[in-house]
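Chain residues, written in single-letter form:
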Amino acid sequence: MEELTMQESLVDAPRVSVLMTAYNASRFIAEALDDLLAQTFTDFELLIVDDGSTDDTLSILHTYASRDPRVIVIASEKNIGRPAASNLGLEQCRAPLIARADADDRYPADRLERQVRFFDEHPEIGILSGAADQIDEEGKFWNRLHFPGKDGQIRMRELFITSFTHPGSMFRTELIRAVGGYDVTYYTSADADLWARMRPLTRSANLDVPLVYYRKHSAASMFKRDAKQLARSLGIRKRLLSDYLQREVSLEEAGAMQMTFRERPVPPATQEQLEAGMRGLREVLRQAETRESADTVRYFKDEVGKALMQHASFNNDISYSLRWKLLKEAYRWAPAVASSWVTAKLKRIPAKIALRAKRGRSHTATR
């Protein structure tokens, strides 16, 4: 009788388990739920873990569950944090694919359909994300984030910064269970740690279309990283770089490489970080040239070249001699990228001169 029940459970399992955690999310959660329940792909269950909310979140969830049998509410008696709440929901996921979603974001209607189709066509892929449209608190678009699409490109970028958008991700259930779920000690960067542990077991990809409308607002957890959590987050890059370079990389080295690889980081990289970062990136390149495809190496060199051009052009806290050195390094790494950048800059000069001349004439006329 028990065996029959298990077989029936497998037959009844949906294709996708959409997993969401929510804490005091009453302001935005209805929009997120409406978007997910209106997906063109309908064979899914929607599990929402209420993480001890003190507002009306749980009441809203129960209302949706009473209307749609796909909605499953899991209530935590106290606030245990997003990673632990995610693990609580993970235990209840029945589908072979898990799609993550956040309670304060919005989602295009064909998000699940696109991802399921891609998984069906690419059985070697275990993690799939895509572009993300950033929206403000009122839901107005203000920026689009793109991520590298190919596995090798993702692997290189992940050495320094994340290459997936967590609330737009979908991955195979067997993978996340194989690595033990989310590490609860990474309170604000559990997704980055998860990718670092899952990627060696599979291949990954990103679609070049937005799969999530990512809402930026003052209550988002990314705005609350203290020094300890920032160090924990950087420790993920330290671990990945140590594995890649086959030597122990210090936290300071990892931070310097990360700051140098990023375009226009806030706060800007210091002179010492850029000099140390360039040394580290050259070492990564030497490893990549022996281990990666030509396409992946070209991508890495272009990304570093773009970052160096950005540092040279916009970092006013470094010496002119270092800015000149960064420009020369950019040409060594990615001559085509650097040339395009300079050409684009030169094209703007006549317009700037004309604008300044016009302002000068206007100023003279009013004197």
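Model, not experiment: these values are computed from the prediction.

Reading guide: rules and limits
Residues numbered from 1 in each chain as written. Predicted model: local features only at pLDDT ≥ 70, side-chain atom pairs only at ≥ 80, totals over all residues. Heavy atoms only, no water. Helix = DSSP H or I, 4+ residues; strand = E, 2+ residues; numbered from the N terminus. Buried < 20%, exposed > 50% of the residue type's maximum accessible area, 1.4 Å probe, protein only. Contact = heavy atoms within 4.5 Å. Phe/Tyr/Trp six-rings, centres within 6.5 Å; stacked < 30°, edge-to-face > 60°. Core = buried A, V, L, I, M, F, W, Y, C linked by side-chain atoms within 4.5 Å. Salt bridge = Lys/Arg side-chain N within 4 Å of Asp/Glu carboxyl O. pLDDT = per-residue confidence, 0-100. Axes fitted to C-alpha atoms, helices over the stretch in contact; angles between N-to-C directions. Parallel < 35°, antiparallel > 145°, perpendicular 65-115°, else oblique. Nonpolar A, V, L, I, M, F, W, Y, C, P; charged D, E, K, R; others polar. Pairing = 2+ DSSP bridges. Right-handed = clockwise from strand over helix to strand, strands pointing away.

It is worth spelling out the overall build of the protein at this point. Scanning the protein from terminus to terminus reveals 14 helices and eight strands. Out of the 367 residues in the protein, the part that is buried amounts to 49%. Pairs at least 24 apart in sequence give 75% of the contacts found in the protein among residues at least 6 apart.

Here we come to the packing of aromatic side chains. The final tally for this structure, using the stated rule, is six aromatic pairs. Plain terms: the ring middles of Phe164 and Trp195 are 5.1 Å apart, the flat faces sit at 55° to each other, and that makes the pair tilted. Remark: Trp195 occurs in helix H8 (residues 190–198) and Phe164 occurs in the loop between helix H6 (151–157) and strand S7 (170–172); sequence separation between them is 31 residues. Just as Phe164 is buried, Trp195 falls in that class too.

Turning our eyes to something else, we now look at the nonpolar core. Core analysis: the largest hydrophobic core is formed by 56 residues, its most contacted members being Phe160, Val284 and Phe300. If we skip the residues at most four places from it in the chain, Phe300 touches Met156, Phe160, Phe261, Leu281, Val284, Leu285 and Trp333. Residues Ala25, Ala32, Leu37 and Ile125 belong to the second largest nonpolar core, which totals 34 residues.

This brings us to the pattern of salt bridges. Tallying each qualifying case throughout the model produces 27 salt bridges. Between Arg15 and Asp120 there is a salt bridge; the shortest N-O distance is 2.8 Å. Of this pair, Arg15 sits in the loop between helix H1 (2–12) and strand S1 (16–22) while Asp120 sits in helix H5 (residues 111–121); the two residues are 105 residues apart in sequence, bridging distant segments of the chain. Take Arg15: its relative accessible area is 31%, and that puts it in the partly exposed class. Among the ionic pairs, Arg155 bridges to Asp151, the shortest N-O distance being 2.9 Å. With Arg155 and Asp151 both in helix H6, this residue pair falls four residues apart, about one helical turn. According to the relative accessible area criterion, Arg155 is partly exposed, its value standing at 29%. Looking at Asp151, the relative accessible area reads 11%, which means it is buried. Within this structure, Glu31, Asp35, Arg106 and Arg215 form a network of salt bridges that share partners.

This paragraph deals with the environment of Arg94. Inspection of the secondary structure puts Arg94 in the loop between helix H4 (82–90) and strand S4 (97–102). For the pair Arg94 and Val16, spaced 78 residues apart in sequence, the C-alpha to C-alpha distance is 8.0 Å.

Here we take up the confidence of the model for the protein. Taken as a whole, the protein shows an average pLDDT of 90; of its residues, 89% reach a score of 70 or greater. With pLDDT under 50 throughout, residues 361–367 is counted as low confidence; its partners more than four residues away or in other chains account for zero contacts.

On to H4. For H4, the tally of buried residues reaches seven of nine residues, placing the bulk of the element in the interior. Taken as a whole, H4 has its buried residues at Pro83, Ala84, Ala85, Ser86, Asn87, Gly89 and Leu90. Tucked into the core, H4 has its buried residues touching S1, strand S2 (44–51), strand S3 (71–76), S4, helix H7 (173–178) and H8.

In this fold, Arg199 is placed in the loop between H8 and strand S8 (203–215). The class for Arg199 is buried, based on a relative accessible area of 12%. Arg199 has contacts with Ile127, Ile154, Arg155, Glu158, Phe164, Ser204 and Leu240, leaving out every residue within four places of it along the chain.

Let us now look at the packing of helix H11 (residues 271–291) against helix H12 (residues 294–314). Interaxial distance between H11 and H12 falls to 10 Å at its minimum, and their mutual angle equals 170°. Considered as vectors, H11 and H12 are oriented roughly antiparallel to each other. For the pair formed by H11 and H12, the contact residues are Leu274, Met278, Leu281, Val284, Leu285, Ala288 and Glu289 on the first element and Val297, Phe300, Lys301, Val304, Leu308 and His311 on the second. Of the residues belonging to the contact of H11 with H12, the class tally is 10 nonpolar, one polar and two charged.

Let us now look at H8. Where burial is concerned, most of H8 is hidden: seven out of the nine residues are buried. Listed in full, the buried residues belonging to H8 are Ala190, Ala192, Asp193, Leu194, Trp195, Ala196 and Met198.

Consecutive side chains of a regular strand alternate in pointing toward one face of the sheet and then the other. Among the eight residues of S2, eight are classified as buried, and the element is accordingly described as predominantly covered. Covered by surrounding structure in S2 are Phe44, Leu46, Ile48 and Asp50 together with Glu45, Leu47, Val49 and Asp51, the residues of both alternating faces. Taken together, the seven bridges between S1 and S2 define a ladder with parallel strand orientation. Along S2, the bridge assignment pairs Val16 with Phe44. In this fold, the crossover linking S1 to S2 by way of helix H2 (residues 29–37) has right-handed handedness. Where S2 lies against S3, six bridges are found, and the strand directions are parallel. Directly across from Ile48, in S3, lies its bridge partner Val73.

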